[in-house]
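Here are the chains, one letter per residue:
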Amino acid sequence: MRAENYEARNHPPSNEFEINFGPNHPGIEGNYALKVKVHGDEIVAARADGGYLHRGFEKLMEQRLWIQNIALVPRICVPDPAPMEVAYSMAVEQLCGLDVPERAQWLRVLQLELSRVAAHLFTFGGHAATTGMYSPMFWGVADRDLILDLFEELTGGRVYSIYNIPGGVRRDVPDGFLQRLSDTLDYLDSRLPDYDNLLFTNRVFVTRAKGTGPISQTQALEWSVTGPNLRATGLKFDVRRDDPYLVYDQLDFDIPTEEPGDAWARTLVRRGELQQSVRILRQVVERLPGVAGPIRAPIPNPLAWKVPAGETYVRIESSKGELGWYVVSDGSEKPYRVHVRGPSSMHAVQVLEHLVTGARIEDVAQIMFSLDACPPEVDR
Amino acid sequence: MSETHLPVERLSIILGEFKDVRVRKRGDRRTRVDVEPDALPALLELLKGRSGFVHLSAISCVDWPDDDQFELVYHLWSYELQLLVSVHTRIARDPGVYVSVYDIYHPAGFFERDIHEMYGVFFEGAPDMEKFILTEWDGPPPMRKEFDSEAWVNDHFDWQNYRPDWLIELEQQGGGIVIPPDEQRFSRRGMQEPDDES
């Protein structure tokens, strides 16, 4: 049946349609869906639908021992799991008054930055794929795999490393690991010109990304947008520098910013961040051997660990933005309440709905991927 | 006066205008403020307007059934003072109604919707109190302390004895899952079945 006949028979004469964008659309992330009302190909209203992934982390954590939760939390964001376990461990340490040995703090920085590089490589690939370019996606996944190899060597796990433990980290770097890390960093550096040629100077990509889904700095602040999306509007703010944790105040790195706040600017900020993470990792390779000492503070028997009553709010910078953990203990062996402020929860619901309204259908995936939303951080 | 103390001093001066406000310094960049529920919106407005606490990081809800209260915690960050303030307030658990601060902080819309869904707290004046995740849920708010996930699962779902042919074969060779699902449950070990109680 021809389209106009179908319309005439089934709909009142109108140019407005409702379309479900996702959840199983290649241009949308994971289980997420957007219900959009379109007029022609322009979106006039949008509604985010959280879908169904693995929900109930916060409730599950109330039913598990403090130490068991370490294995649970990395699942909150698959592409960038390290910040979850680091932040949770930091919260428990603050409640217990534990001091983390300096070497463990360096090792945590190593893990966090490797995870950030891996997450950004993934995002570039996904973002490029929304414009029909699959080569950067394959490259991104392949290069990320080299980092997963390093994770496997360091922690035993490729994706969920479960490397942290309140008080420090589980194990020290194996022999020759820093050399292999250094080699991988050299390789990543050598790949950047390739990425520039393939993606960042690609006329199709640049034309599509420029001017798409712009956020002004005022809007970004009003909507509590954080991370690379905020820095793409020109505000130089990074939790690592402005509210430092671990040993970030001893490290030398820049905070890349861009002005326009559109999809293009957000991607460029991530590209800059990738370079800065490599720079941080080089400093870790150089300075870690000089930081001697234990990698873990003495902790009580993990299976009978009662954390003193109290509450704390820990926040760190993940690759998606600001990650906050509000942890309450009533002095028992399980957390009383854990609230996760997923970095994506802000820009994946309200900001996304706002940005796609007025955009065209073809730009939805562009906007979604350039915001770098991670759905499980929303439904937790 | 060291530089890190300065923001807290300034904060104390501003908060001095309020009655019944307790300010506690928690760290170099962390401050806890306890306030009565009536005064909270005005306090947030003051913090945002006068001290640049423009960033609402999160709103957390904690259930205290023994006190018959919900605790709401508003985590605010000031880019200017580089200080994180957690404003705590407690509201009655029944009827569990509070005012929305969406007009002051737009991100509150998401957090309030989340808290409404998970705890059943209703925020008056919030733009959107629709369900987000639990769209097909008809039970009580699941994050409340009295909600027992295991009992809910046992009441609403049947345990399926999953035994395909390949598993039976495997078991005959001495492998597979040999403990039936009922006995796998930790909390059921040593528990009598309801029928046996009489």
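Residues numbered from 1 in each chain as written. Chains lettered and ligands numbered in written order. Predicted model: local features only at pLDDT ≥ 70, side-chain atom pairs only at ≥ 80, totals over all residues. Heavy atoms only, no water.

## Focus: the nonpolar core
One broad trend across soluble globular proteins is that nonpolar side chains are buried collectively.
And step 1. Residues A:L110, A:W325, B:Y74 and B:V87 are the most contacted members of the largest nonpolar core, which totals 169 residues.
And step 2. No other element matches the 12 residues that helix α5 (residues 102-129) of chain A contributes to this core.
And step 3. The residues touching A:W325, leaving out its near neighbours within four places in the chain, are A:M61, A:V73, A:I76, A:M84, A:A87, A:Y88, A:T312, A:Y313, A:V314, A:V338, A:H339 and A:V340. (Core = buried A, V, L, I, M, F, W, Y, C linked by side-chain atoms within 4.5 Å. Buried < 20%, exposed > 50% of the residue type's maximum accessible area, 1.4 Å probe, protein only. Helix = DSSP H or I, 4+ residues; strand = E, 2+ residues; numbered from the N terminus. Contact = heavy atoms within 4.5 Å.)

## Re the packing of aromatic side chains
And step 1. Following the criterion strictly, the structure yields 15 aromatic pairs over all chains and no others.
And step 2. The interplanar angle of 50 degrees and the centroid separation of 5.9 Å between the aromatic rings of A:F237 and B:W77 together place this pair among those described as tilted. Residue A:F237 is located in the loop between α10 (227-231) and α11 (239-242), and its partner B:W77 is located in strand β4 (residues 69-78); the two belong to separate chains. This pair shows no difference in class: A:F237 is buried, exactly as B:W77 is.
And step 3. When the ring of B:F147 is compared with that of B:W152, the centres are 5.7 Å apart and the planes differ by 45 degrees; the resulting orientation is tilted.
And step 4. Since its relative accessible area comes to 12%, B:F147 is described here as buried.
And step 5. Judged by its relative accessible area of 19%, B:W152 falls in the buried class.
And step 6. These aromatic residues form a ring-pair network of at least three members: A:F237, B:W77 and B:Y79.
And step 7. The residue whose ring lies beneath A:R315 is B:W77, and the NZ or CZ to ring-centre distance is 3.9 Å. (Phe/Tyr/Trp six-rings, centres within 6.5 Å; stacked < 30°, edge-to-face > 60°. Lys NZ or Arg CZ within 6 Å of the ring centre and 35° of its normal.)

## Points about the confidence of the model for chain B
All names here are of chain B.
And step 1. On average, chain B scores 83 in pLDDT, and the residues at 70 or more come to 85%.
And step 2. A low-confidence stretch, residues 188-192 (pLDDT under 50), is modelled with 7 contacts involving residues beyond four sequence positions or located in other chains.
And step 3. Two numbers describe this predicted complex: its pTM, 0.88, and its ipTM, 0.90. (pLDDT = per-residue confidence, 0-100.)

## Details of the interface of chain B and chain A
For an interface, size is often stated in terms of accessible area lost upon the parts coming together.
And step 1. Counting residues at the interface gives 44 residues for chain B and 40 residues for chain A.
And step 2. Here chain B and chain A share an interface that buries about 3500 Å² over both sides, 52% of which is from carbon and sulfur atoms.
And step 3. For the pair chain B and chain A, the number of links is 7 salt bridges.
And step 4. Across the salt bridge formed by B:R29 and A:D243, the nearest N and O atoms sit 3.9 Å from each other.
And step 5. Secondary-structure elements contributing two or more residues to the side of chain B that touches chain A are β2 (30-34), β3 (55-64), β4, β5 (83-92) and α3 (108-119) of chain B.
And step 6. Looking at the side of chain B that touches chain A element by element, the count peaks at 10 residues for β3(B).
And step 7. Class assignment for the residues of the side of chain B that touches chain A results in 23 nonpolar, 9 polar and 12 charged. (Buried area = accessible area lost by both parts, 1.4 Å probe. Salt bridge = Lys/Arg side-chain N within 4 Å of Asp/Glu carboxyl O. Nonpolar A, V, L, I, M, F, W, Y, C, P; charged D, E, K, R; others polar.)

## Topic: the packing of α5(A) against helix α7 (residues 177-200) of chain A
Residues and elements named next belong to chain A.
And step 1. Interhelical geometry of α5 versus α7 gives an angle of 25 degrees and a closest axis separation of 13 Å. Considering their axes alone, α5 and α7 lie roughly parallel with respect to each other. The hand of the α5/α7 crossing is left-handed. Contact residues: L110, L114, V117, L121, F124 and A128 in α5; F177, L178, L181, L188, Y195, L199 and F200 in α7. (Axes fitted to C-alpha atoms, helices over the stretch in contact; angles between N-to-C directions. Parallel < 35°, antiparallel > 145°, perpendicular 65-115°, else oblique. Left-handed = near helix turned anticlockwise from the far one by under 90°.)

## A few points about the pairing of strand β2 (residues 33-39) of chain A
All names here are of chain A.
And step 1. Strand direction decides the pairing type here: strand β1 (residues 16-21) and β2, joined by 6 bridges, are antiparallel. Across the sheet, residue E16 finds its bridge partner in β2, namely H39.
And step 2. With 7 bridges joining them, β2 and strand β3 (residues 42-49) adopt antiparallel strand pairing. Following the sheet pairing, A33 is matched in β3 by D49.
And step 3. Counted along the chain from β2 to the antiparallel partner β3, the turn is 2 residues long, and its residue G40 has a positive phi close to 65 degrees. (Pairing = 2+ DSSP bridges.)

## Observations concerning the sheet that holds strand β8 (residues 337-341) of chain A
All names here are of chain A.
And step 1. Spatially, β6-β7-β8 is the arrangement adopted by the 3 strands of the open sheet, whose pairing is antiparallel. Each having just a single partner strand, β6 (310-318) and β8 make up the two edges of the open sheet. Going from strand to strand, the sheet's axes swing by 10 degrees on average, the running direction of each strand aside.
And step 2. Alignment of strand β7 (residues 321-329) against β8, held across 5 bridges, turns out to be antiparallel. Looking at the pairing, G324 lines up with R341 of β8.

## Observations regarding the pattern of salt bridges
And step 1. Considering all chains together, one arrives at 46 salt bridges over all chains under this definition.
And step 2. Salt-bridge contacts for A:D238 lead to A:R240; the nearest nitrogen and oxygen are separated by 2.9 Å.
And step 3. Exposure remark for A:R240: the relative accessible area of 3% places this residue in the buried category.
And step 4. Among the ionic pairs, A:E362 bridges to A:R360, the shortest N-O distance being 3.0 Å.
And step 5. Here A:E362 falls in the partly exposed class, since its relative accessible area comes to 38%.
And step 6. Overlapping salt bridges, with partners in common, bring together A:E311, B:R24, B:R26, B:R32, B:D34, B:D67, B:E71 and B:R90 in one network.

## Considering the environment of A:P81
Residues and elements named next belong to chain A.
And step 1. The topology assignment puts P81 in the loop between α3 (69-72) and α4 (82-96).
And step 2. Sequence separation between P81 and E333 is 252 residues, and the spatial gap between their C-alpha atoms is 24 Å.
And step 3. Aside from chain neighbours lying at most four places away, what touches P81 is P74, S115, V159 and Y160.

## A look at a nonpolar patch on the surface
And step 1. A cluster of nonpolar side chains, contributed by B:V153, B:F157 and B:W159, occupies part of the molecular surface with about 290 Å² of accessible area.
And step 2. Mapped onto the secondary structure, B:W159 falls in the loop between α4 (149-156) and α5 (165-172). (Patch = residues over 30% accessible without salt bridge, like charges linked within 9 Å, V, L, I, M, F, W, Y side chains within 5 Å. Areas by Shrake-Rupley, 256 points an atom, 1.4 Å probe, with all protein chains shown as cover.)

## What about the environment of A:P260?
Residues and elements named next belong to chain A.
And step 1. For P260, the position within the fold is in the loop between α11 and α12 (263-287).
And step 2. Under the relative-accessibility criterion, P260 is labelled partly exposed at 47%.
And step 3. Through-space distance from the C-alpha of P260 to that of L114 is 28 Å; in sequence the pair is 146 residues apart.
And step 4. Apart from residues no more than four positions distant in its own chain, P260 is found in contact with P214, I215, A232 and A265.

## Concerning the sheet that holds β2(A)
All names here are of chain A.
And step 1. A sheet is described by the order of its strands in space; here 3 strands give the open sequence β1-β2-β3, paired in antiparallel fashion. Edge positions in the sheet fall to β1 and β3, since each of these pairs with one other strand and no more. Going from strand to strand, the sheet's axes swing by 20 degrees on average, the running direction of each strand aside.

## Overview of α5(A)
And step 1. In a regular helix each residue adds 1.5 Å, so 28 residues correspond to 40 Å; α5(A) covers 41 Å between its end C-alpha atoms and thus fits that length.
And step 2. Burial runs high along α5(A): 26 of the 28 residues are buried. (Expected span 1.5 Å × (residues − 1).)

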